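# Examination of the molecular architecture
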Amino acid sequence: QVQLVESGGGLVQAGGSLRLSCAASGRTFSIYREGWFRQAPGKEREFVAAITWSGGSTYYADSVKGRFTISRDNAKNTVYLQMNSLKPEDTAVYYCAATGRVEITEPYDYWGQGTQVTVSS
């Protein structure tokens, strides 16, 4: 099993920045890729960004490209999501997820509890 704990959410004005962190513990050696997802009220959960354990590959949703950056520190078993130029439509609960599956289309196996990000206009 892998446990994921997110932190760093909060309230920020439009145009501001936040950095989310996701600390992994447990069988971290089984992780191939970690990602961030978000779910706004009344909407389905959507993919935001992902990074392979090696850090060699990153993936972004079109809606966040150029504004968000995903990175990782393997020594700390932590993945980060740096969010810049935030917009009110970025308001959501952000979830960290991890998987040992290689295919990008496969579902994630482990999920964190989520952290709230609120962007005021």
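For the structure itself, consult the block above.
Reference entry: report on the structure contained in this document. Residue positions within a chain follow its written sequence, with the count starting from 1. Note on the predicted model: pLDDT of at least 70 is required for a residue's local features to be given, and 80 or more for side-chain atom pairs to be given and counted; whole-chain, interface and lining totals, by contrast, use all residues. To obtain the side-chain values, all non-hydrogen atoms of the structure were used and water was disregarded.

### Points about the overall build of the protein chain
So the rule is basically this: Each helix is a run of DSSP H or I of at least 4 residues and each strand a run of E of at least 2, with the numbering of both proceeding from the N terminus. Atoms counted for the radius of gyration: C-alpha only. Globule rule: 2.2 Å times residue count to the power 0.38. Burial status follows relative accessibility: with a 1.4 Å probe on protein chains alone, a residue under 20% of its type maximum counts as buried, one over 50% as exposed, and anything between as partly exposed. Residues are treated as being in contact if the distance between any of their heavy atoms lies within 4.5 Å. Computed with a 1.4 Å probe, the accessible areas rest on the Shrake-Rupley method; for each residue, only the protein chains presented here act as cover. The sign given to each residue is positive for Lys and Arg and negative for Asp and Glu; His and the chain ends receive no count. Where a charge lies is defined by one atom per residue type: Lys uses NZ, Arg uses CZ, Asp uses CG and Glu uses CD.
Along the protein chain, the regular secondary structure elements total zero helices and 11 strands. In terms of overall size, the protein chain behaves like a compact globule, its C-alpha atoms giving a radius of gyration of 13 Å where 121 residues would be expected to give roughly 14 Å. Oriented by its inertia axes, the alpha-carbon framework of the protein chain measures out at about 40 × 25 × 25 Å. Residue burial in the protein chain is summarised as follows: out of 121 residues, 42% are buried. Considering only intrachain contacts with a sequence separation of at least 6, the fraction spanning at least 24 residues in the protein chain is 54%. Summing over all exposed atoms, the protein chain offers an accessible surface of approximately 6,200 Å²; the carbon and sulfur share of this is 47%. In the protein chain, 12 side chains carry a positive charge and 11 a negative one; their mean positions are 4 Å apart.

### Observations regarding the pairing of strand β1 (residues 2-7)
Our working rule: Pairing between two strands requires that DSSP report at least two bridges joining them.
Burial along β1 is one-sided: Val2, Leu4 and Glu6 are buried, and none of Gln3, Val5 and Ser7, which face the opposite way, are. For β1 and strand β3 (residues 18-26), the ladder comprises six bridges, and the chain directions are antiparallel. Among the inter-strand pairings, Glu6 is bridged to a residue of β3, identified as Cys22.

### Here's the deal with the pattern of salt bridges
Formally: By salt bridge we mean one thing: a side-chain nitrogen of Lys or Arg within 4 Å of a carboxyl oxygen of Asp or Glu.
Scanning all chains against the criterion turns up seven salt bridges. Its salt-bridge partner being Asp62, residue Lys65 comes within 3.2 Å of it at the nearest N-O pair. Of the charged contacts in the structure, one is a salt bridge between Asp90 and Arg67, with a shortest N-O distance of 2.8 Å. Taken together, the residues span a long stretch of sequence, with Asp90 in the loop between β8 (78-83) and β9 (92-99) and Arg67 in the loop between β6 (58-60) and β7 (68-73) at a distance of 23 residues. You'll find Asp90 and Arg67 in the same group, each marked buried. Here the salt bridges share partners, and the residues they tie into one network are Arg38, Glu46, Arg67 and Asp90.

Distances and angles like these do not, on their own, reveal function.
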